[in-house]
Amino acid sequence: ATWCGPCREMIPHVSALNTQFKDKGVTFIGMAIAERNPAGVEAFVKKKGAKMNYRVAVDAPAPNNTLKGWMTAVGQSEIPWSFVVDRDGKVAWIGEPGSLEPILQQVVDGTYDIKKQPEIAARRAEFLTRLEKADAAKDGDTYIAIADEMIAFDPYSSGALGLAKFKALFRIKKDYPAAYGLAKKLFENELKNTPDALSQMAGKIVEAEGVFNRDLDLALRMALRADALTSSQNVAVLEVLARAYFEKGQIDKAVETQTAAVGHGGNDADLVETLKKYKAGK
């Protein structure tokens, strides 16, 4: 729904996944099922421009068959929520959109075993509950230990959980050397072809407050890779790349890249304001 904060936060992530998988037979559909003003969805999507590069449909107001046939049918009421339909037309997976990438990769590769999913889902829910408790307690060591345990159980989650471990090192433990070492490993291996994750790590390095030793070279390399993977079309990636250039003192490059972000972002006010900052920095 356009009024849903978590839904809006997921838009760049889903756009990046769409860019990553659009040539692999995957179709993304953002279905608005809880709109208070259904007529306003089209304007919302147009304003997002390239920030929202996937199909969007509306099923509202009542009787809202999508809500009943998909969400209510599986006992789910919170949004955003994702369903993966496989090549046989079966619902292969249900869960939060932030966990989509490894599932989609398995479905595309033909390695996804739908019969094992109930057991995997139950164990994953258990792990996630423990992770949330460790995060709430700001216990970085326990968080990372649980993530490693989960990766051992489900190796396909190594990329997503590797990203989570990086964030824990960066945000909870503030162990920046260890965070950069892990980011470099993920960049060269599990996440080398995952632009959204690369952009997230680069963004943390260049944007997080209170960081006293930023590895700007690593951030720039990851942002450049993410930009190449998205053919310089993803606004969120362009924003991070421009910031990396700016922090590196490459002002001309920062202005050029942020200008591209403004163009793809439909002259979004925040993007324009940042561009003014970079021009002033020159």
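Residues numbered from 1 in each chain as written. Predicted model: local features only at pLDDT ≥ 70, side-chain atom pairs only at ≥ 80, totals over all residues. Heavy atoms only, no water.

> So, the nonpolar core: which residues are in play, and what are the values?
Of all hydrophobic cores here, the largest spans 56 residues; its most connected members are Phe166, Phe170, Met201, Ile205 and Met222. Per-element tally for this core: the top contributor is helix α11 (residues 235–247), with nine residues. With residues near it in sequence (within four places) discarded, Phe170 still touches Tyr176, Ala179, Tyr180, Lys204, Ile205, Ala208 and Val211. Formed by 17 residues, the second largest nonpolar core is a distinct cluster that contains Phe21, Tyr54, Leu100 and Ile103. (Core = buried A, V, L, I, M, F, W, Y, C linked by side-chain atoms within 4.5 Å. Buried < 20%, exposed > 50% of the residue type's maximum accessible area, 1.4 Å probe, protein only. Helix = DSSP H or I, 4+ residues; strand = E, 2+ residues; numbered from the N terminus. Contact = heavy atoms within 4.5 Å.)

> Account for a nonpolar patch on the surface, naming residues and giving values.
Together, Trp70, Val74, Val85, Val91 and Ile94 make up an exposed nonpolar region whose accessible area comes to about 390 Å². Structurally, Val85 can be placed in strand β3 (residues 82–85). (Patch = residues over 30% accessible without salt bridge, like charges linked within 9 Å, V, L, I, M, F, W, Y side chains within 5 Å. Areas by Shrake-Rupley, 256 points an atom, 1.4 Å probe, with all protein chains shown as cover. Salt bridge = Lys/Arg side-chain N within 4 Å of Asp/Glu carboxyl O.)

> Which residues make up the pairing of strand β4 (residues 91–95), and what are the values?
Bridge count for β3 against β4 is four bridges, and the pairing is antiparallel. Bridge pairing in β4 places Val84 opposite Trp93. Adjacent in sequence and paired antiparallel, β3 and β4 are bridged by five residues, among which Gly89 carries a positive phi angle near 80 degrees. (Pairing = 2+ DSSP bridges.)

> Describe the packing of aromatic side chains, and please don't skip the residues or the numbers.
Inspection of every chain in the model, using the stated rule, returns eight aromatic pairs. Seen from their ring centres, Phe166 and Phe170 are 5.5 Å apart, and the 35 degrees between their planes marks the pair as tilted. Of this pair, Phe166 and Phe170 both sit in helix α7 (residues 158–173), four residues apart, roughly one helical turn. Members of the aromatic cluster, each reached through a chain of ring pairs, are Phe166, Phe170, Tyr176, Tyr180 and Phe212. One residue, Arg36, lies across the ring of Trp3, its end atom 3.9 Å from the ring centre. We note Arg123 situated over the ring of Phe153; from NZ or CZ to the ring centre the distance is 4.4 Å. (Phe/Tyr/Trp six-rings, centres within 6.5 Å; stacked < 30°, edge-to-face > 60°. Lys NZ or Arg CZ within 6 Å of the ring centre and 35° of its normal.)

> So, helix α12 (residues 251–264): which residues are in play, and what are the values?
With 14 residues, α12 should reach 20 Å at 1.5 Å per residue; the first-to-last C-alpha distance of 20 Å fits that figure. Its buried side turned inward, α12 meets α11 and α13 (269–281). One or two residues past the end of α12 sits Gly266, with phi positive at roughly 65 degrees. (Expected span 1.5 Å × (residues − 1).)

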